[in-house]
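Topology and contacts: notes
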Amino acid sequence: MLDQPLIKVILLVGVIAVTIMLTRSTTGARHQAIRRLLLIGFVLLAAMAILFPAMLTRVAQFVGVGRGADLLLYGLTITFLGFVAASYRRMRLLEQRVTTLAREIALREAVHDRRHRHGDGPGSGQPRSGWTSS
Amino acid sequence: MTLSPPLEDAWLVIPLYNEAPVIGEVLATAMTRFPHVVCVDDASTDGSAEIAERAGAVVVHHPFNLGQGAALQTGIRYVLEATDASYLVTFDADGQHRVEDAAEMVERARREDLAMVFGSRFLDDRTDPGFLRRIVLKVAVWITNQQTGMRLSDAHNGLRVIRRDAAEALDLKQDRMAHATEIVLQLGRTGLPWAEHPVHVLYTDYSRAKGQSLINSVNILIDSMLK
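Residues numbered from 1 in each chain as written. Chains lettered and ligands numbered in written order. Predicted model: local features only at pLDDT ≥ 70, side-chain atom pairs only at ≥ 80, totals over all residues.

**Focus on the overall build of chain A**
Quick note on the threshold: Only DSSP runs of H or I with at least four residues qualify as helices, and only runs of E with at least two residues qualify as strands; both kinds are numbered from the N terminus onward. Any residue pair is listed as a contact if its two C-beta atoms, each placed from the backbone, are within 7 Å.
Per the secondary structure count, chain A includes 4 helices and 0 strands. Ordered by position in the sequence, the α and β elements of chain A form the string α-α-α-α. Sequence separation of 24 or more characterises 53% of the internal contacts of chain A that already satisfy a separation of 6 or more.

Below, the structure is given as structure tokens:
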């Protein structure tokens, strides 16, 4: 449990960061900038790992992991978790927008319908749209 | 309570999703006391909306299925925007709530000047939810109380009376079932006076079959924690 403490701390911090991403509101330009910086960093690291595999292994041994490939796998796992969190957030946002839109349509139609039923505006004899029956 | 007058200034808000076998009867009973009812049809596929319309309820149609929380919010918006009701009552479509309880709760809100009255099945021992369901409901209450800072005895009860000023503060973002916690949270934040009222929940074979499966409480729990 307490061997290789450095890599464990790094990975746990990564997992915690992902969890915070999931439970905190993270929209706005600042967060977009951070996301993009992280992405650039990720690309640079990937290029370095390809060009200088020996260096990757040295970094891996420094943090207490045997091979560079293992470090790569751990990093990828955390990055993947972050990706899941980010897409979850984006999906929730989209869902809420769709709900708002659908609600406006539903309310508009209901209020419109009611006015026609009580009043005598044109179109009161029109059939209802067939949303529910289709 | 014989020959009670109809409640003209209260609207029932009923989220409706595939309840065709019972909704006609539920509405017929409810409308003896509550002449104003809005059903939010969450894209039912079994003709529930037509039955509700024939029974005389206002029906708001969601273009596709959005979930019970979304339907509730739509119904609340309808009452606020299209009517001048003083109170709205959230009510389940499956017939598990008693209309007398709802009417008593509105009268109590009026008498005691309360902005919201929550129905609770655990204030007396009339309701028998069964052993396992009781445990799950109690856990849900505990979690809701932790999250909202309120002290309720029953969290996931669909019967609530909400006064207009309190309803205006509601903006439910949980489309599915986790809205039950969210609604308590948002109402609690208004700081308006509230009370719990003992109600009897009628567990019929129908409502048991249609109601929340226990495994779905996992979804509710996680939905209410993630933002």
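**A look at the environment of Arg126(B)**
Note on placement: Arg126(B) falls in the loop between β5 (116-120) and α5 (131-148). Counting along the chain gives 88 residues from Arg126(B) to Leu214(B), while the straight-line C-alpha distance between them is 22 Å.

**Observations regarding the confidence of the model for chain A**
We count it as follows: Within a predicted model, pLDDT stands for the predictor's per-residue confidence, ranging from 0 to 100.
Summarising the model, chain A shows a mean pLDDT of 77, and 78% of its residues fall at 70 or more. Segment residues 120-134 of chain A is flagged for pLDDT under 50; beyond a separation of four residues in sequence, or across chains, it makes 12 contacts in the model.

**Digging into the pairing of β5(B)**
All names here are of chain B. Applicable threshold: A residue is called partly exposed when the number of other C-beta atoms within 10 Å of its own lies between 12 and 20, exposed at 12 or fewer, and buried at 20 or more, with C-beta atoms placed from the backbone. Between any two strands, at least two bridges found by DSSP are needed for them to pair.
Of all 5 residues in β5, 5 are buried; the element is thus mostly enclosed. A two-sided burial pattern is seen for β5, the buried positions comprising Met116, Phe118 and Ser120 on one face and Val117 and Gly119 on the other. The sheet contact formed by β5 and strand β6 (residues 160-163) spans 3 bridges and is antiparallel. Note that in β6 the partner of valine 117 across the bridge is valine 161.

**Quick notes on the sheet that holds strand β2 (residues 37-41) of chain B**
Residues and elements named next belong to chain B. Formally: Working convention: axes come from line fits to C-alpha atoms, limited for helices to the stretch in contact. Angles between N-to-C directions cover 0 to 180 degrees.
With mixed pairing, 7 strands are arranged side by side in an open sheet as β3-β2-β1-β4-β6-β5-β7. Among the strands making up the open sheet, the edge pair consists of β3 (58-61) and β7 (194-198). Neighbour-to-neighbour, the strand axes of the sheet open up by a mean angle of 20 degrees, direction not taken into account. Relative to strand β4 (residues 87-90), strand β1 (residues 10-16) is paired through 4 bridges, and the arrangement is parallel. Looking across to β4, one finds that leucine 12 is bridged to valine 89.

**What about the interface of chain B and chain A?**
To keep things clear, this is the line we draw: Three classes are used, and their members are as follows: Ala, Val, Leu, Ile, Met, Phe, Trp, Tyr, Cys and Pro are nonpolar, Asp, Glu, Lys and Arg are charged, and the others, Gly among them, are polar.
If you look at the interface, chain B gives 23 residues, while chain A gives 17 residues. For the side of chain B that touches chain A, the secondary-structure elements that each account for two or more residues are β3 and α3 (68-82) of chain B. No other element matches α3(B), which puts 7 residues into the side of chain B that touches chain A. For the side of chain B that touches chain A, the per-class residue count stands at 12 nonpolar, 5 polar and 6 charged.

**A short note on the domain arrangement of chain A**
All names here are of chain A. Condition: Bear in mind that the domain bounds are from an automatic or database domain assignment.
When cut into domains, chain A gives domain 1 (1-51) and domain 2 (69-119). Facing 10 residues of domain 1, the contacting portion of domain 2 comprises 10 residues. Within the residue set of the side of domain 1 that touches domain 2, elements represented by two or more residues are α1 (5-23) and α2 (29-51). Looking at which element gives the most residues to the side of domain 1 that touches domain 2, the answer is α1, with 7 residues. Class assignment of the residues belonging to the side of domain 1 that touches domain 2 gives a composition of 8 nonpolar, 2 polar and no charged.

**Description of the confidence of the model for chain B**
Here chain B averages 88 in pLDDT, while 96% of its residues score no lower than 70. In the predicted assembly, ipTM is 0.83 and pTM is 0.79.

**A few points about the environment of Ile222(B)**
Relative to the elements of secondary structure, Ile222(B) occurs in helix α9 (residues 216-225). When the C-alpha positions of Ile222(B) and Phe34(B) are compared, they lie 36 Å apart, and in sequence the two are 188 residues distant.

**Describing the nonpolar core**
The condition is simple: For the purposes of this analysis, a nonpolar core is taken to be any set of buried Ala, Val, Leu, Ile, Met, Phe, Trp, Tyr and Cys residues that are connected through C-beta atoms within 7 Å.
Among the nonpolar cores identified, the biggest contains 68 residues, and Val13(B), Val37(B), Val38(B), Leu88(B), Val89(B), Val106(B) and Met116(B) are the most heavily contacted of them. Sequence-distant contacts of Val37(B), that is, excluding residues within four places in its chain, are made with Trp11(B), Leu12(B), Ile14(B), Leu27(B), Ala30(B), Met31(B), Ala57(B) and Val58(B).

**Focus on the pairing of β4(B)**
Residue and element names in this part refer to chain B. Burial along β4 is two-sided: the face carrying Tyr87 and Val89 and the face carrying Leu88 and Thr90 are both buried. Here β4 runs beside β6; their pairing, made up of 4 bridges, is antiparallel. Paired with threonine 90 across the strands is arginine 160, a residue of β6.

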